[in-house]
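Coordinate inspection notes
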Amino acid sequence: MKLRMLGVMLTTATLAACGGGGKDGAAPAAGEGAAPAAGSKTVNVYNWSDYIAEDTNANFEKATGVTVTYDVFDSNEVLEAKLLAGSSGYDVVVPTLNFLGRQIQAGVFLPLDKAKIPNLANLDPEMMKRIEKQDPGNKYAVPYMWGTTGIGYNVDKIKAIFGNTDVTNSWDLVFKPENLAKLKDCGVTFLDTPSEIVPIALNYLGEDPNSTDPKVIDKAAALLKTIRPSISQFHSSSYIDAMANGDTCLVVGWSGDVIQARDRAEEAGNGVKIAYSIPKEGAPLWFDMLSIPKDAKNVDNAYAYINYLLDPQVMANNSNFISYPNAIPKAKDLMDKQITSDPTIYPPPEVAAKLFTFAIIPPEVDKQYTRLWTDLKTNK
Ligand code: N2P
């Protein structure tokens, strides 16, 4: 319990380098999960914050003799800026699929030598087919985790204000100004990214979430302005602790992060109850993808690291720890049943049918997103 809280607090508090540690779960022997790499003895990994079990990197180091330098981020935009600038210094990065798709087009990645990733065989072929739409031939990346973007909420605060928690089943809770205003005083946090919030707003308006029509996108901007007075914060990682501490009572955030907030509150025994909802109008479904920048210096170690993460037991340990689903069926079998049977983590078919994915957005749309986002954040 302490391990989980400490590790996650470290990563969110600093968004800085953080090695492995801890002793949850079992490390596979070197022969099963990872091949010891010859030559250089380091791998530089840049992953999302709160996105790995505490002992994974240490176990990889033990199995291979390769030292992991591990930095974290909480924004695709930040990762993309580094990748497009080049010489990021990273050997393994984890963009979300739609961002990866346009980074592929920009020539950022090394095509994967699949012979160096034998654990590729563990990946779900159905999911790989889906992913192939934005990474043709599955040439440049493999899925790490996937998830949804929905509503995280403080159960007792919502009940006190609305009588029960039924309101969390609809995006009306977020997008009707009179609803969100009721939550203003107890704290409302939105992910700090137009790339997810704009499509969610468009979907709510009955528009194509991936519309590239400037006039349609303006409708999302206008809707967001109507609720802006009630948004206390835009942040993509600190909300885990803020929810767990009772400092924020509603977030538009990522599924596993909200579940982590729930678990941290439970572990702290502070009486704060957190839950996650995928609203009935539908929500984003996304995939975060392991890939190797083409200027990576430690390519063999990058392959060894990616291959290690695709080991079913390693993957199961990570998913158990961070409450995100993965794309390895054998790992699902090894996971805690409490997680695999939670419909907010693994959405059942009727909910999954309503989820939508993000398209690769063209540069002019990207500019419009950035402009409207700056305007939204600076003008309350
Ligand atoms: C982990 C968030 C990862 C999900 N904190 C974003 N794709």
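Residues numbered from 1 in each chain as written. Predicted model: local features only at pLDDT ≥ 70, side-chain atom pairs only at ≥ 80, totals over all residues.

**Digging into the domain arrangement of the chain**
The condition that has to hold: Each domain's extent was defined by an automatic or database domain assignment. Contact between residues is assigned whenever the C-beta positions, reconstructed from backbone atoms, fall within 7 Å. Here a helix means four or more residues in a row that DSSP labels H or I, a strand means two or more in a row labelled E, and each is numbered from the N terminus. Three categories are distinguished: nonpolar for Ala, Val, Leu, Ile, Met, Phe, Trp, Tyr, Cys and Pro, charged for Asp, Glu, Lys and Arg, and polar for the others, with Gly belonging to the last.
Each domain of the chain was delimited in the assignment, giving domain 1 (2–146 + 287–340) and domain 2 (147–285 + 348–378). Opposite the 22 residues of domain 1 that make contact, domain 2 presents 21 residues. Elements with a contribution of two residues or more to the side of domain 1 that touches domain 2: helix H1 (2–14), helix H4 (76–85), helix H5 (97–105) and strand S4 (142–154). For the side of domain 1 that touches domain 2, the per-class residue count stands at 9 nonpolar, 8 polar and 5 charged.

**Re helix H19 (residues 363–378)**
The cut-off we apply is this: Here a helix's expected span is defined as the number of its residues, less one, multiplied by 1.5 Å. Any residue surrounded by 20 or more other C-beta atoms within 10 Å of its C-beta is treated as buried, while 12 or fewer makes it exposed and the intermediate range makes it partly exposed; C-beta atoms here are placed from the backbone. Working definition: the arc comes from the directions between the helix axis and the C-beta atoms, pointing outward to the latter.
Taking 1.5 Å as the rise per residue, H19 with 16 residues should run 22 Å; its terminal C-alpha atoms sit 23 Å apart, in good agreement. Where H19 is concerned, the buried positions are Tyr369, Leu372, Trp373 and Leu376. Buried residues along H19 cover an arc of 105° about the axis, so they all sit on one side. Across H19 from its buried face, at more than 90 degrees, point the exposed residues Pro363, Glu364, Lys367, Arg371, Thr374 and Thr378. The inward-facing, buried residues of H19 contact helix H10 (194–204) and helix H11 (214–227).

**Quick word on helix H3 (residues 56–64)**
Residues of H3 that are buried include every one of Thr56, Asn57, Asn59, Phe60, Ala63 and Thr64, and no others. Looking straight down H3, one finds that the buried residues subtend no more than 160° of arc, so they occupy a single side. Looking at the residues trailing H3, positive phi occurs at Gly65, about 75°.

**Focus: unusual backbone geometry**
Positive phi, normally seen in glycine, also occurs at Ser87, with a value near 50°. The residue Ser87 is located in the loop between H4 and strand S3 (92–93) in this model. Here Ser87 falls in the exposed class, since 9 other C-beta atoms lie within 10 Å of it. Positive phi values are uncommon outside glycine, yet Asn138 reaches one of about 50°. Along the polypeptide, Asn138 turns up in the loop between helix H6 (125–131) and S4.

**Quick word on the pairing of strand S7 (residues 250–254)**
The cut-off we apply is this: Only strands joined by at least two bridges in the DSSP assignment are considered to pair.
Most of S7 sits out of view: 5 of its 5 residues are buried. Across 5 bridges, the pairing between S4 and S7 is antiparallel. Bridging across to S7, Tyr153 finds its partner in Leu250.

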